[in-house]
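Each chain, letter by letter, is given below.
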Amino acid sequence: MSLRERSPSGAVEAGEDAAAPDGPDRCLSLLPWDRFSTWLHCVCVVGFDLELGQAVEGPAGIGHFLWCRRCTAAGEARRRSERNVIVQNPSKGGACGGVACAERAGARCAKALAGHSCHGAGDSNSGCLGDTQFCFRFRRSPGRKVSLCCFLDQLDRDLPVYLKKDPAYYYGYVYFRQVRDKSLKRGYFQKSLVLISKLPYVHLFRTILKQIAPEYFEKSEAFLEAVCSDVDRWPPPIPGKILHLPIMDIIMKLRIPTYRDKPGTTPIVQNMHQADAQISMALPTVHEVDLFRCFCPVFFHIQMLWELVLLGEPLVVMAPSPSESSETVLALVSCISPLKYCSDFRPYFTIHDSEFKEYTTRTQAPPSVILGVTNPFFAKTLQHWPHIIRIGDIKLPGEVPKQVKVKKLKNLKTLDSKPGVYTSYKPYLNKDEEIVKQLQKGVQQKRPTEAQSVILRRYFLELTESFIIPLERYVASLMPLQKCISPWKSPPQLRQFSQDDFMKTLEKAGPQLTSGLKGDWIGLYRHFLKSPNFDGWFRSRQKEMTQKLEALHLEALCNENLVFWSQKHTEVETVDLVLKLKNKLLRADREQLPVKTDTLKKLQAHINDIILALPDDLQDILLKTGTT
């Protein structure tokens, strides 16, 4: 069934441009539970065991159910589609590996979830009762590629760079409940519902958990089975489309951004159709956090924090709970958008993380990473880190925050130290007093925190764009001219990036053209060019421009009379040309080069015409040859 045919309860909205036949929909010959996999890796329930501590519940837990069901369904689908093939019973760990798959999945997640999911019982100093939401991030273990890899890569291609999934990491979205229960030996009920996903859609998964977790704690496993079945009926997460996602008697309406969206704008999801009468919830964003709420405790230093994140400096956020920790880290990472933060970041980092020793060792300099922590142990363990943010409880701002001076690191001894920024870093740029005054005025006038966040997000965006535009302009000049592209030669190479040449451009075409901020911009650029964020940004731009050159080279080939050329050359040279052209077509498809469909069809027609002009024996060989 195509996306156009699906009902509004789980579909791309008909009013939107549906995916083209050669777009993502083309790959939608999906097996049962494959739709689930485009959104979630798995669902876990984590409880607190008096002897084991935090433990992923099973084998009767939802992780076991989900993975067994997925493997069983996949096995049944394959059995129906493959004749004369005997498939062992998946429930006995056969071809699809039902129970074995469940156990492997549980083992992969169990270590990562330990210490993250039941924070009141483990790594945090928080003794709060009630419900808490937060997220964490962890490295995934290497394994076989999923059958959806090609399809998911196509979806990823249309996302803004800061929303593209990192194949090396998973996100864990947690809903933790801690309540008194005298019937339990420990005296407390402590359990978490955790969604594991490759997608960094923080607001979306937070909203989902807020809807399903309280009901799960009342209704238990059967309820989660129904939730998972709902998710498996969702359309794929296609960027730029209005999506309707049914989940337990409500329908969420949302839009995932695309790289074509103007930075800083969030297209409003509006109710325009009669079918919207069914919509229970329209999400204004899938990924953004409440920026002002997160930065409120330290907003006098937001410009310095922007510099630290931009430069990929080692940074620790010490917070009283995982909720404050994770939200602050995510806010920091997002403050350099539309640049992608290219180093590691951990919204909630614990002593149970496999990288604990790697990130806390004193035998080498702290790595380029942002850590969010709650355990008082880290105040001593990470005291040698150069930049530490200590925050108190994040509350909705009701009064103007007091200005907190930057403190020396030697004054930070325990997690009970006063809130503030502990660093010896001296910002390159002069402080922008206007943004501080604007936000302070907003607090005094009781401006909604959402409006304050919009102002702050726009400020960060303009600052980042002013910084990156000179780099974009210079890197664009490294691109060879189109007249240098010849169909009979390999595509020309990009010119090398020269730091000295770039610095010379700043005098006339620097950030002063778009920003009124004064300061040592040159020093900031020199520092940035040594950072992981520059390396990641430049590699991405380099790849884009190289692919553009390949696309222009294909267009140049299409505009040539290749049949006429083949008639003037030997059969060996002609066969070599055909094989090279076929490889170019395969690469264009594999790497999703920015080439028009008509260009690819025209080149394929050229190949067919050349082959038909060759002797029959060569025709048979070349028609069967797909790749080399």
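Residues numbered from 1 in each chain as written. Predicted model: local features only at pLDDT ≥ 70, side-chain atom pairs only at ≥ 80, totals over all residues. Heavy atoms only, no water.

**Some words on the overall build of the protein**
Along its length, the protein carries 20 helices and 13 strands. A fraction of 75% describes how many contacts in the protein between residues 6 or more apart in sequence connect residues 24 or more apart. As displayed, the protein has an accessible area near 30,500 Å², and 52% of this comes from carbon and sulfur atoms. (Helix = DSSP H or I, 4+ residues; strand = E, 2+ residues; numbered from the N terminus. Contact = heavy atoms within 4.5 Å. Areas by Shrake-Rupley, 256 points an atom, 1.4 Å probe, with all protein chains shown as cover.)

**Quick word on the sheet that holds strand β6 (residues 242–247)**
A sheet is described by the order of its strands in space; here 3 strands give the open sequence β6-β7-β8, paired in mixed fashion. The open sheet has two free edges, formed respectively by β6 and β8 (281–282), since each of these has just one partner strand. When β6 meets strand β7 (residues 250–255), the two strands line up antiparallel, connected through 6 bridges. Looking at β7, one finds that Pro246 is bridged to Ile251. Across the sheet, helix α5 (residues 202–219) is in contact with β6, β7 and β8; its angle to β7 comes to roughly 175°. (Pairing = 2+ DSSP bridges. Axes fitted to C-alpha atoms, helices over the stretch in contact; angles between N-to-C directions.)

**Brief notes about the environment of Gln567**
With respect to the helices and strands, the residue Gln567 is situated in helix α17 (residues 562–567). Measuring from C-alpha to C-alpha, the distance between Gln567 and Leu614 comes to 9.4 Å, with 47 residues separating the pair along the chain.

**Describing the packing of helix α8 (residues 302–310) against helix α13 (residues 449–476)**
In contact at an axis separation of 12 Å, α8 and α13 are set at 50° when each is read in the N-to-C sense. By the criterion of interaxial angle, the relationship of α8 to α13 is oblique. For the pair α8 and α13, the crossing hand works out as right-handed. Of the residues in α13, those in contact with Ile302, Gln303, Trp306 and Leu310 of α8 are Leu456, Tyr459, Phe460, Leu463, Thr464 and Phe467. (Parallel < 35°, antiparallel > 145°, perpendicular 65-115°, else oblique. Left-handed = near helix turned anticlockwise from the far one by under 90°.)

**Observations regarding the confidence of the model for the protein**
Looking at the protein as a whole, its pLDDT mean stands at 80, while 75% of the residues score no less than 70. The low-confidence segment residues 1–9, where pLDDT is below 50, has 21 contacts with residues more than four positions distant or belonging to other chains. (pLDDT = per-residue confidence, 0-100.)

**Some thoughts on the pairing of β7**
Strand residues, when the strand is regular, have side chains that alternate between the two faces of the sheet. With 6 of 6 residues buried, β7 lies mostly within the body of the structure. Neither face of β7 is left uncovered, since the one carrying Ile250, Met252 and Leu254 and the one carrying Ile251, Lys253 and Arg255 both have all their residues buried. Note that β7 and β8 share 2 bridges and pair parallel. For Lys253, the partnering residue across the bridge sits in β8 and is Ala282. (Buried < 20%, exposed > 50% of the residue type's maximum accessible area, 1.4 Å probe, protein only.)

**Topic: the packing of aromatic side chains**
Per the stated rule, a full pass over the model turns up 35 aromatic pairs. Taken together, a centroid distance of 6.0 Å and an interplanar angle of 50° make the contact between Phe349 and Phe378 tilted. You can see Phe349 sitting in the loop between β10 (344–346) and α10 (356–360) and its partner Phe378 sitting in helix α11 (residues 377–381), a full 29 residues away along the chain. For Phe349, a relative accessible area of 0% translates into the label buried. Note on Phe378: relative accessible area 0%, which makes it buried. Considering the side-chain rings of Phe502 and Tyr525, the 5.3 Å spacing of their centres and the 75° angle between planes classify their relative orientation as edge-to-face. Residue Phe502 is located in helix α14 (residues 499–509), and its partner Tyr525 is located in helix α15 (residues 521–528); the two are separated by 23 residues in the primary sequence. Take Phe502: its relative accessible area is 0%, and that puts it in the buried class. With relative accessibility at 0%, the residue Tyr525 sits in the buried group. The structure contains a cluster of three or more aromatic residues connected by ring pairs, namely Trp306, Phe467, Tyr474, Phe497, Phe502, Tyr525, Phe528, Phe534, Trp537 and Phe538. (Phe/Tyr/Trp six-rings, centres within 6.5 Å; stacked < 30°, edge-to-face > 60°.)

**Some thoughts on the pattern of salt bridges**
Enumeration according to the criterion identifies 24 salt bridges in this entry. Across the pair Lys165 and Asp156 runs a salt bridge, and its minimum N-O distance is 3.9 Å. Among the ionic pairs, Asp158 bridges to Arg260, the shortest N-O distance being 3.9 Å. Within this pair, whereas Asp158 is found in the loop between α4 (149–157) and β4 (169–180), its partner Arg260 is found in the loop between β7 and β8, the two being separated by 102 residues in sequence. Three or more residues are tied together by salt bridges with common partners; here these are Arg137, Arg139, Asp166, Asp344, Arg346, Asp353, Glu355 and Glu358. (Salt bridge = Lys/Arg side-chain N within 4 Å of Asp/Glu carboxyl O.)

**So, the sheet that holds strand β12 (residues 387–390)**
On the basis of which strands lie adjacent, the open sheet formed by 5 strands has the order β10-β11-β9-β12-β13 and mixed pairing. Of all strands in the sheet, those bounded by a partner on one side alone are β10 and β13 (420–423). Each strand axis lies, on average, 15° off the axis of its neighbour in the sheet, ignoring direction. In this structure, strand β9 (residues 315–318) lies alongside strand β11 (residues 369–373), joined through 4 bridges in parallel fashion.

**Brief notes about unusual backbone geometry**
Here the amide bond leading from Ser337 into Pro338 is cis, since omega sits at 10°, within 30 degrees of zero. Secondary-structure assignment places Pro338 in the loop between α9 (322–334) and β10. Phi is positive for Asp249, which is not a glycine, with a value near 75°. Checked against the element boundaries, Asp249 lands in the loop between β6 and β7. You will see that Lys446, though not glycine, has its phi angle at about 55°, which is positive. As for its position among the elements, Lys446 is in the loop between α12 (433–444) and α13.

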